[in-house]
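# What the coordinates show
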Amino acid sequence: MIQVTNLTKRFGEFTAVDHISFSVKKGQIFAFLGPNGAGKTTTIKMLTTLLLPTEGKIEMNGVDPTQDKDGARRSFGIVFQDPSLDDELTALENMEFHGILYGVPRKLLKQRIEQLMKFVELWDRKDDLVKHFSGGMKRRLEIARGLIHHPKILFLDEPTLGLDPQTRNHIWSYIQDLNKKEGMTVFFTTHYMEEANRVANEIAVIDHGKIMIHGTSKALQEKTKTHTLEEAFLALTGKEIRDEVAGSSDQLRMRHRIWTRR
Amino acid sequence: MNTIYILWLRQLKRYVRSKARMVGSLGQPLLFLVALGFGFGPIYQKAGGGNYLQFLAPGVIAMGILFTSVFMGIEIIWDRQFGFLKETLVAPVSRVNIMIGRTLGGATVATIQGVIVFLMAMVVGFRPTSWLAFPVALLFMFLIAVLFTALGTAIASFMEDMHGFQLIVNFLIMPLFFLSGSLFPLDNLPGALATISHMDPLSYGIDGLRATLVGSAHFGIPYDFLVLSILVAFMMALGGYLFSKIQI
Ligand SMILES: Nc1ncnc2c1ncn2[C@@H]1O[C@H](COP(=O)(O)OP(=O)(O)OP(=O)(O)O)[C@@H](O)[C@H]1O
Ligand SMILES: [Mg+2]
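Predicted model only: the values in this text are computed from it and were never measured. (Residues numbered from 1 in each chain as written. Chains lettered and ligands numbered in written order. Predicted model: local features only at pLDDT ≥ 70, side-chain atom pairs only at ≥ 80, totals over all residues. Heavy atoms only, no water.)

## Focus on the packing of aromatic side chains
According to the stated counting rule, one finds 29 aromatic pairs over all chains in the structure shown. An angle of 80° between the planes, with centres 6.1 Å apart, marks the rings of phenylalanine 118 of chain B and phenylalanine 126 of chain B as edge-to-face. Ring centres of phenylalanine 140 of chain B and phenylalanine 225 of chain B lie 6.5 Å apart, and the angle between their planes is 90°; on these two criteria the pair is classed as edge-to-face. A residue pair is termed long-range when its members are at least 10 positions apart, and phenylalanine 140 of chain B in helix H8 (residues 134-157) and phenylalanine 225 of chain B in helix H12 (residues 221-244) qualify at 85 residues. Site record: aromatic cluster; members linked through ring pairs are Phe22, Phe30, Phe32, Phe76, Phe155 and Phe187 of chain A. (Phe/Tyr/Trp six-rings, centres within 6.5 Å; stacked < 30°, edge-to-face > 60°. Helix = DSSP H or I, 4+ residues; strand = E, 2+ residues; numbered from the N terminus.)

Next up, the structure:
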């Protein structure tokens, strides 16, 4: 479903993604793990036509997103790491905007919006402006919005960041259900290792723009001679804290971030 | 078609909801109407120009539209910073359509602002000579609005943040306004200024407005209309192209 060869992105002198190659099979739930600043979001941006690669080849659902942008965009949906709602619109308006942009038929759209907003427990707040929502509510709304249309491939960039465990489980069960019923391929990143361990069929670990390892959670643990995915992750990426330059809009993460100089 | 509509609607909703901005952007035109309209009125009359407010009002209406529309275009930078732009950029619809929807929405808002300035001018004492021409005046307002919203979009496409904003106001919007014949007649200008004001797109918009509202023209309505239409087509194409190249 996704085939990436020697994908590279440089920002000036700095190489954010360094000749990575991997593939994701149809119907898989694929976890893309790595420390802060490893290049996860940059990779997702290249896959989703927001950034042009410096080098390398991508094939997604049979099309090359750098050539046939609209073709590629028809095949995926995405929940971004950074906020992406319109604060001046209500929750419902944000949902409708998305549905119409993605060409979901009116009747189906109404049904799905109601169902999803009830699912993330925002239905009774549907007419409130998004700017009055808490961080977690915004996040839930973004995830609900990403599920309005059922894409062939769903990208989730740290979808569960800032959500409580109940909501996280709740949302994952919905996504896993879609994955089973509709064969939707899921490509996600997370910093919660138990989450990756639980839902992913396949895991790749990236650090400093390079893919360190690729396989099932079990295979990763075997190769690193560890007993949990978290230990395997630490064994692969070391224990130092990453010096990371954050995007200005990256507020949700800010709370979790520790600033250090390497 | 639905894409264009929903983006248009979004711009309108945002406008209606931000009352402060709506009112705030009317202060400047009002100041111009009152201070310049009444301040220069007597001199203008003595020099044989007639009623200055009648002359000035179309220029100030155009000013209101100019400012609002450039800001509406540049608003993309906010969308970029608040993250909403990403949501539209990955949607499976042509980016050109997205740009068209946004631009028409912004232009509609700017046209509404123009009509409000028009009404303000009426309160201050401005009287259009022919009401029949009002629909044509509205058309000119809309053309001005589309032109400069598209220009704002084009500029915003390669700006990452608002740091360059002051630059745009001082080196683009202000010159466009002051050199356009909004405040003075284009006839018998000294050579250099005449050339510059003939190159200023806003001159044609204002001339069209003036011709329709008070019946005095420098270029003439058909010529104004032709020039504006060509510029609108060009600017939409440029804005659409630049918008479709945005990377985040
Ligand atoms: N537009 C840009 N210009 C310059 N450098 C950038 C840009 N975008 C990202 N980078 C850099 O590229 C590197 C990878 O960033 P990326 O956002 O892909 O990391 P990530 O793996 O998603 O990290 P996190 O877990 O913190 O989200 C970082 O060092 C970042 O500073
Ligand atoms: Mg990231």
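## A look at the pairing of strand E2 (residues 14-24) of chain A
Remember that side chains alternate between the two faces of the sheet whenever the strand is regular. Residues and elements named next belong to chain A. Note: strand E1 (residues 2-11) against E2, seven bridges, orientation antiparallel. Note on E2: the bridge partner recorded for leucine 7 is isoleucine 20. Taking the residues that link successive antiparallel strands as the turn, the E1-E2 hairpin has two residues, and the phi of glycine 12 there is positive, at about 65°. (Pairing = 2+ DSSP bridges.)

## Structural notes on the interface of chain B and chain A
Counting from both sides, the interface comprises 25 residues of chain B and, opposite them, 31 residues of chain A. In total, chain B and chain A occlude about 2600 Å² of area from one another, counting both sides; carbon and sulfur atoms represent 59% of this. Contact with chain A buries surface across chain B, with Glu87, Val90 and Pro92 of chain B losing the most and accounting together for 25% of the total. Taken together, the connections running from chain B to chain A amount to five salt bridges. (Contact = heavy atoms within 4.5 Å. Buried area = accessible area lost by both parts, 1.4 Å probe. Salt bridge = Lys/Arg side-chain N within 4 Å of Asp/Glu carboxyl O.)

## Let's talk about the pattern of salt bridges
Applying the stated criterion across every chain yields a total of 21 salt bridges over all chains. Among the salt bridges present, the one from arginine 198 of chain A reaches glutamate 194 of chain A, with a minimum N-O distance of 3.8 Å. On the criterion of helical spacing, the pair formed by arginine 198 of chain A and glutamate 194 of chain A is a turn pair, its members being four residues apart in helix H7 (residues 193-199). Glutamate 194 of chain A sits in the partly exposed class, given a relative accessible area of 43%. By sharing partners, the salt bridges in this structure join Asp86 of chain A together with Arg10, Arg14, Arg21, Glu75, Asp79 and Arg102 of chain B into a single network. (Buried < 20%, exposed > 50% of the residue type's maximum accessible area, 1.4 Å probe, protein only.)

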